[in-house]
Amino acid sequence: MGQVASPRHASNYIVAPGWAYDNGPVQHLYFHSKEESHKRWLPDLTGVEVIVAHNAAFELDWIMAEYWETFVQWYANGGRIFCTQYAEYLLSNQTNLYPTLDETAPKYGGTHKIDEVKILWEQGKRTSEIDPALLIEYLAGPGGDIENTRKVYYGQATELIARGMWSMMWARCDGLVYNAFAMSAGLHVDAQLAYELKGKLEVELA
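Residues numbered from 1 in each chain as written. Predicted model: local features only at pLDDT ≥ 70, side-chain atom pairs only at ≥ 80, totals over all residues. Heavy atoms only, no water.

A. Here's a closer look at the nonpolar core. Judged by nonpolar contacts, the single largest core of 21 residues is most densely connected at Trp41, Leu60, Phe71, Trp74 and Ile81. At five residues, helix H2 (residues 56–66) tops the list of elements feeding residues into this core. The residues touching phenylalanine 71, leaving out its near neighbours within four places in the chain, are Leu60, Ile63, Met64, Ile81, Val177 and Phe181. Of all hydrophobic cores here, the second largest spans 15 residues; its members include Ala105, Tyr153, Leu160 and Trp170. (Core = buried A, V, L, I, M, F, W, Y, C linked by side-chain atoms within 4.5 Å. Buried < 20%, exposed > 50% of the residue type's maximum accessible area, 1.4 Å probe, protein only. Helix = DSSP H or I, 4+ residues; strand = E, 2+ residues; numbered from the N terminus. Contact = heavy atoms within 4.5 Å.)

B. Quick peek at the packing of helix H6 (residues 115–122) against helix H7 (residues 132–140). Where H6 contacts H7, the two axes come as close as 9 Å, and the packing angle between them is 115 degrees. H6 and H7 meet at a crossing whose hand is left-handed. Here Glu116, Val117, Leu120 and Trp121 of H6 come into contact with H7, specifically with Leu134, Leu135 and Tyr138. (Axes fitted to C-alpha atoms, helices over the stretch in contact; angles between N-to-C directions. Left-handed = near helix turned anticlockwise from the far one by under 90°.)

C. Inspection of the packing of aromatic side chains at higher detail. Evaluation of the coordinates by the stated rule reveals 13 aromatic pairs. Ring geometry for phenylalanine 71 versus tyrosine 75: centroids 5.7 Å apart, planes at 15 degrees, classification stacked. In this pair, phenylalanine 71 and tyrosine 75 are both assigned in helix H3 (residues 68–76), four residues apart and thus about one turn of the helix distant. Between tryptophan 121 and tyrosine 138 the ring centres are 5.4 Å apart and the planes differ by 85 degrees, which places this aromatic pair in the edge-to-face class. Taken together, the positions of tryptophan 121 in helix H6 and tyrosine 138 in helix H7 put the pair 17 residues apart, joining distant regions of the chain. Here tryptophan 121 falls in the partly exposed class, since its relative accessible area comes to 35%. These aromatic residues form a ring-pair network of at least three members: Trp68, Phe71, Trp74, Tyr75 and Phe181. (Phe/Tyr/Trp six-rings, centres within 6.5 Å; stacked < 30°, edge-to-face > 60°.)

D. Representation of unusual backbone geometry within the structure. For aspartate 22, which is not glycine, the phi dihedral falls at a positive 50 degrees. Among the structural elements, aspartate 22 can be located in the loop between strand E1 (18–19) and strand E2 (27–28). One non-glycine residue, lysine 39, lies in the positive phi region at around 55 degrees. Topologically, lysine 39 is positioned in the loop between helix H1 (34–37) and strand E3 (50–53).

E. Representation of H7. By the burial criterion, the buried members of H7 are Leu135, Ile136, Tyr138, Leu139 and Ala140. Taken down its axis, H7 places every buried residue within 160 degrees of arc, on the same side. For H7, the elements touching its buried residues are E1, E2, H6 and helix H8 (145–162). (Arc of directions from axis to C-beta.)

So this is what it looks like as structure tokens:
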């Protein structure tokens, strides 16, 4: 239905998660099947105050689908979400609607992504079909997603604070989390009423 890698599709699973704590080493896992991956990919959140991600709504969708109780408890205890994609949208004066990590990272000392993985995806390859070594380099290597996201976050934090946007950014991120909860819960549609209204409007239109 237009969503890529939805946790609600029976065939999808997390193939390779990656993460880092503060300035510590980048870590990762690799799973060969859905059964192996299921509820085993989320890093330990003990002592974690903020989860940083680029396009955090994607991570939240998966976390809420497979780790609902863990996430809700963490969030209730004061956990926060910071989305570097959202931050870049705000720092662009709301002109860059969906800034990619690839275009954003070099602005803050990061690097462009490894093109091979993107090309394979564009050719229709599933993540599980990509060479694991290449995928892990793309995710957890020196120029991978995790390292680039970390550099972007630190750079954006400095810029947001300098421009007096820090508090506003956190308010926006809270709104993002609300939207993630709403998306995870889904939307009830009264199909019968919808078709009745559709019929009436079609008559008016004719």
